[in-house]
Amino acid sequence: MRAAAIMRGEEVPPFEPLQRAIPAPPDLFGGVWDMGDFGSSGGDNVATRTRIAPPLVVTPPKVLTLKTVGKPEPKVDAVKLAAGKPVYTDDIEMRGMLHAAMLTSPHAHAIIRSIDTSKARALPGVHAVLTHKDLARVHYASGGQSYPNPKPYDQVSLDHKVRHVGDRVAVVAAETPEIAREALRLIEVEYEVLPAVFDPIEAMQPGAPVIHDDPSVEGIHDREHNIVHHVDAQTGDAAAQWAKAAHIFEGEYRVHQVQQCSIEPHVVVTWWDEDDRLVIRTSTQVPFHVRRMVAPLLGLPVKRIRVIKPRIGGGFGGKQEMLLEDLCGHLTIATGRPVRFEYTREQEFTSARSRHPQILRFKTGVDAEGKIVAAELYIIGNTGAYGTHGLTVQMVSGFRGLSTYNAPYSRFICDIVYTNIPTPGAYRGYGAPQALHALEVHTEEIAHALGMDVLEFKRKNWIKVGDPLVMAVALGEGREGKPQTVKTSALAECVDIGARAMGWYEKRGKDRSVPGKPHVKQGIGVAVAMHGTGIAGLDMGAASIKMNDDGSFNLHFGATDLGTGADTVLAQIAAETLGVPVSDIIVYAADTDMTPFDTGAYASSTTYISGGAVLKAAEQVRAQILQHAAERMLKCSVDDLELEDRKVVHRGGRSVTLEQVALHSLHQEDQHQIMATASHMSEVSPPPFAAQFAEVTVDTETGQVTVDRLLMAVDCGVAINPITASGQVEGGMVQALGYAHCEEMAYDEAGVPQATDFHSYHIYRADEVPDLEVIFVETYEESGPYGAKAVAEIPKDGVAPALASAIYDATGVMIRDLPYTPERVWRALYGGTASQ
């Protein structure tokens, strides 16, 4: 509206950023807060600062006020996105470009007995039709993970057997999308339909259909029972700890399959460049992994492949996968032409990836004082038709499910099972949302059974600063992990501040019926969460920085911005270190030819890992600038100089601009390029913490749950950019709300998906979203760049159990299984099996 007024020539008031404070009691912080430095177990009263940007940020004294870090800098890509510049994968036109389409299986399990493509090949405008007969049979795993990819390697580009509705059968390249789709209709396929199995418990039984019967596939634990992996890991003395348990509690919890629903579908364009190298322009979170993984499938060396990641219209883990790049590359090789390949929305549901459904069974021992002394968790993970990400997602579930309360004896057992549903994979949170839903509902049930206040029971048992994570070594991601100890945590403060902001103690446990409608009840709920920051000992990022003639800097890194603001945050880290505004940092990212390596955007690692690399490179460039200015220009000691406001400043008042330093170093004396490259990998993964609160209204006659308010108080270390960080939290809460409340991938008896568009698969609309509130309760994490920890995934972890807690507060019924649809809630209220 403001832009329209300007275009009409009207006078408009000066623009001011939105300043939004949460509705909270006036004494919420009281000026003095007894929380030490937020990283210790206690301490003297210390003053804290609060700032609104627009989220509320509570900052301990240890966190310095800086020029750029901690400020709500505009996103470096904001203008070009708002202006509609051609920045996405599909925003490209190439001479002679063909369009791809993919034929998929209508059956959940079948053998292709014959396939006739002659009519399709004869259709005018068709340039290639590829089936399993045309491609080499090279086994691989499609998950975008570090080398070597976790087994099993149970996929080939095109196979003679299909294992779910939506599995690959053939691909076509044609002059137009319409011709390509018509060619698919002309392909004649004869299927031998096989028995299918969709329930993982049934899939493990003797006599169940064997989904992967190819003996050449390595890495399957028990092929005959469809068990891809079996995990059994424990720590501590089982007998001694169970002997301390005065109470033993058990519970089973079920979580379902949901889709990432990125607004931009998977899309890729491939072509031969002028040097006969294959260029892959793709919407991916993992460009470097894609290059390495696609090379053997295409029969090309890595050096002949370039992968470019443009702007991405959402990823959420779904694009941590190589889904289209191999087939599109094969079509370019077959035709010699550029090829564009984009999934339809239906294919996003049938042929892309999703969240793993799980059955989780907790057994927990509690001593007479209410302390958790032993915990066991058994998970049956449904990995669908292929094993991609199956092992690592379930191992993260085990680790997260046994770490928040960190019992001295902990054991994780898991069976990861093939079924004939479309394949799950990576999805934001990566196993933690499943586990933390079950864990938080389970611990609340224990508190109720013991007659303890829910918050007090959780506070008594959650992990504290100085505690080791007992399962960290036993449960790495697909391998042995690294020892971890909690160094910083503001979980107690998050809970306390969040509870006061929500009016928890005034509302919880009170009968709050809507006036005039005694059947409509209101409730308030809570959950706590702990996540991770990258994968310790595995994730690595690199960055390079080059100084330009005018004192600006080119910043190159391989990290992938999914719309999260990563490019901006990394530019802020560089700008802060080099004493310049963010506008002087020119960002170039995620091109396998032009930027340094990065493992990619997953595991909440970018700010911490890639930011660590940027910080190291910036510190080296800073040192070079100061050295040149000291030795060649100001004739002084380096120790007397600082970088600030685009200048090298001497403590005595003399200064030279960065432009002068650049020109002097490039053209006048001791000529050299001021630049540096640095890599960063961390042996630690400092956990962020959060308290999630929810308020709901429940119509007990219909089971309808209306979510009125969500508030998350988060310890993510220092929020480098509070606005982009709050966007992460708000967006994550809304996505998690869909998971908890209304989204579900449903199938009929034949395994055909019943919800393949946004009409039948309901994600939250903007007008349905409840009030969202974010509070950052900062700590200073010494191992992170400028004190930062992760924030990207933890917003996914607490909404579902907080809703369960709130529904219980409103109705007195705890519902273990997701999602909280009206039917499930109604059945639970009136004697169905969903309640406990």
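Sequence order as written defines residue numbering, which begins from 1 separately in each chain. pLDDT decides what is reported in this predicted model: residues at 70 or higher carry local features, side-chain atom pairs at 80 or more are listed and counted, and totals for whole chains, interfaces and linings draw on all residues regardless. Hydrogen atoms and water are omitted, and side-chain values are computed over all heavy atoms in the structure.

Just to check I follow, could you spell out the packing of helix α11 (residues 432-450) against helix α19 (residues 799-811) for this structure?
Between two packed helices, the angle of one axis relative to the other and the distance separating the axes together describe the packing. Between N-to-C directions, angles cover 0 to 180 degrees, with each direction set by a line fitted to C-alpha atoms, over the stretch in contact for helices. Secondary structure counts use DSSP, requiring at least four H or I residues in a row for a helix and at least two E residues in a row for a strand, with both numbered from the N terminus. Interaxial distance between α11 and α19 falls to 8 Å at its minimum, and their mutual angle equals 30 degrees. Compared by their axis directions, α11 and α19 come out roughly parallel. Where α11 crosses over α19, the two elements pack in a sense that is right-handed. Where α11 approaches α19, its residues L436, H437, E440, V441, E444 and H448 are matched on the opposing element by A800, P801, A804, S805 and Y808. Here the residues of the contact of α11 with α19 are counted per class, giving 6 nonpolar, 3 polar and 2 charged. Angles are sorted into four bins: roughly parallel if under 35 degrees, roughly antiparallel if over 145, roughly perpendicular if 65 to 115, and oblique for all others. Handedness of a crossing follows from how the near helix is turned relative to the far one, being left-handed for an anticlockwise turn of less than a right angle and right-handed for a clockwise one. Whether two residues are in contact is decided by their heavy atoms, any of which lying within 4.5 Å being enough. The classification used treats Ala, Val, Leu, Ile, Met, Phe, Trp, Tyr, Cys and Pro as nonpolar, Asp, Glu, Lys and Arg as charged, and all other residues, Gly among them, as polar.

Would you mind going over helix α7 (residues 287-298) with me for this structure?
The α-helix winds at 3.6 residues per turn, so residues separated by three or four positions along the chain end up facing the same way. A helix's residues, less one, multiplied by 1.5 Å, set its expected span. Look at α7: 16 Å from first C-alpha to last across 12 residues, which is about the 16 Å you get at 1.5 Å a residue. Accessible area is worked out with a 1.4 Å probe on protein chains only. A residue is then buried under 20% of its type maximum, exposed over 50%, and partly exposed in between. By the criterion of burial, α7 is predominantly enclosed, with 10 of the 12 residues buried. The elements touched by buried residues of α7 are β14 (278-282), β15 (305-308) and α8 (325-335). With its phi angle positive at about 70 degrees, G299 sits one or two positions after the end of α7.

Sorry if this is basic, but what is going on with the pattern of salt bridges here?
Pairing is possible between side chains of opposite charge, provided their charged atoms come close. We define a salt bridge as a contact between a side-chain nitrogen of Lys or Arg and a carboxyl oxygen of Asp or Glu at a distance within 4 Å. One pass over the full model with this rule turns up 48 salt bridges. The shortest N-O distance in the salt bridge between R622 and E642 comes to 2.5 Å. You can see R622 sitting in helix α16 (residues 606-634) and its partner E642 sitting in strand β25 (residues 641-644), a full 20 residues away along the chain. With a shortest N-O distance of 3.0 Å, D767 and R765 are connected by a salt bridge.

What's the story with the side chain of H109 in this structure? I'm lost.
Summarising the element assignment, H109 is placed in the loop between β5 (98-104) and β6 (110-116). Here K161 takes part through its side chain, which lies 3.2 Å from a polar atom of the side chain of H109. Nitrogen and oxygen atoms within 3.5 Å of one another constitute a polar contact, given that in protein one can donate a hydrogen and the other can accept it, and given that sequence-neighbouring residues count only through two side-chain atoms. Within the structure, H109 has its side chain in polar contact with the backbone oxygen of P195 (distance 2.7 Å).

Explanation requested: the sheet that holds β14 in the structure shown.
For sheets, the rule is that strands pair by backbone hydrogen bonds, running either parallel or antiparallel. Spatial ordering of the open sheet is given by β7-β9-β5-β16-β13-β14-β15, a layout of 7 strands whose pairing is mixed. Edge positions in the sheet fall to β7 (126-130) and β15, since each of these pairs with one other strand and no more. Strand-to-strand twist in this sheet, taken as the mean axis angle between neighbours without regard to direction, amounts to 20 degrees. Of the strand pairs in this sheet, β7 and strand β9 (residues 168-174) are connected by 4 bridges, and their pairing is antiparallel. Strand pairing requires that DSSP identify at least two bridges connecting the strands.

When you look at the sheet that holds strand β27 (residues 655-657) in this model, what are you seeing that I'm missing?
Read across the open sheet, the 3 strands follow the order β25-β26-β27; overall the sheet is antiparallel. On the outer flanks of this sheet lie β25 and β27, each paired with one strand and no other. The sheet shows a mean angle of 20 degrees between the axes of neighbouring strands, taken without regard to direction. As paired elements, strand β26 (residues 647-650) and β27 share 3 bridges and run antiparallel to each other. Across the sheet, residue V648 finds its bridge partner in β27, namely V656.

Please clarify how unusual backbone geometry should be interpreted in this entry.
Glycine aside, the phi torsion of most residues is negative, and most peptide linkages are trans. Cis geometry is found at the peptide bond from K151 to P152, where omega equals 10 degrees. Among the secondary structure elements, P152 is positioned in the loop between β7 and β8 (161-162). Here the residue pair L818 and P819 is connected by a cis peptide bond, since its omega of -5 degrees sits within 30 degrees of zero. Of note in the backbone geometry, F316 takes a positive phi value of approximately 55 degrees without being a glycine.

Explanation requested: the packing of α16 against helix α17 (residues 658-668) in the structure shown.
Their axes nearest at 10 Å, the elements α16 and α17 cross at an angle of 75 degrees. Overall, the two elements α16 and α17 adopt an arrangement that is roughly perpendicular. Contacts from I625, H628, A629, R632 and M633 of α16 reach α17 at L658, Q660, V661, H664 and S665. Taken together, the residues of the contact of α16 with α17 break down into 5 nonpolar, 4 polar and 1 charged.

Mind showing me how you'd approach the pairing of β6 here?
In regular strands, side chains alternate between the two faces of the sheet. Where β6 meets β8, 2 bridges bridge the pair, whose relative direction is antiparallel. If you follow I111 over to β8, its bridge partner there is K161. Here 6 bridges tie β6 to strand β10 (residues 188-193), and the two strands are oriented antiparallel to one another. Residue pairing across strands places I115 opposite V189, the latter belonging to β10.

Honestly, the pairing of β15 in this entry has me stumped. Any pointers?
Across the two faces of β15 the burial is the same, with I305 and V307 and R306 and I308 all buried. Pairing of β14 with β15, which is carried by 4 bridges, proceeds in the parallel orientation. By the bridge assignment for β15, V279 is matched with R306.

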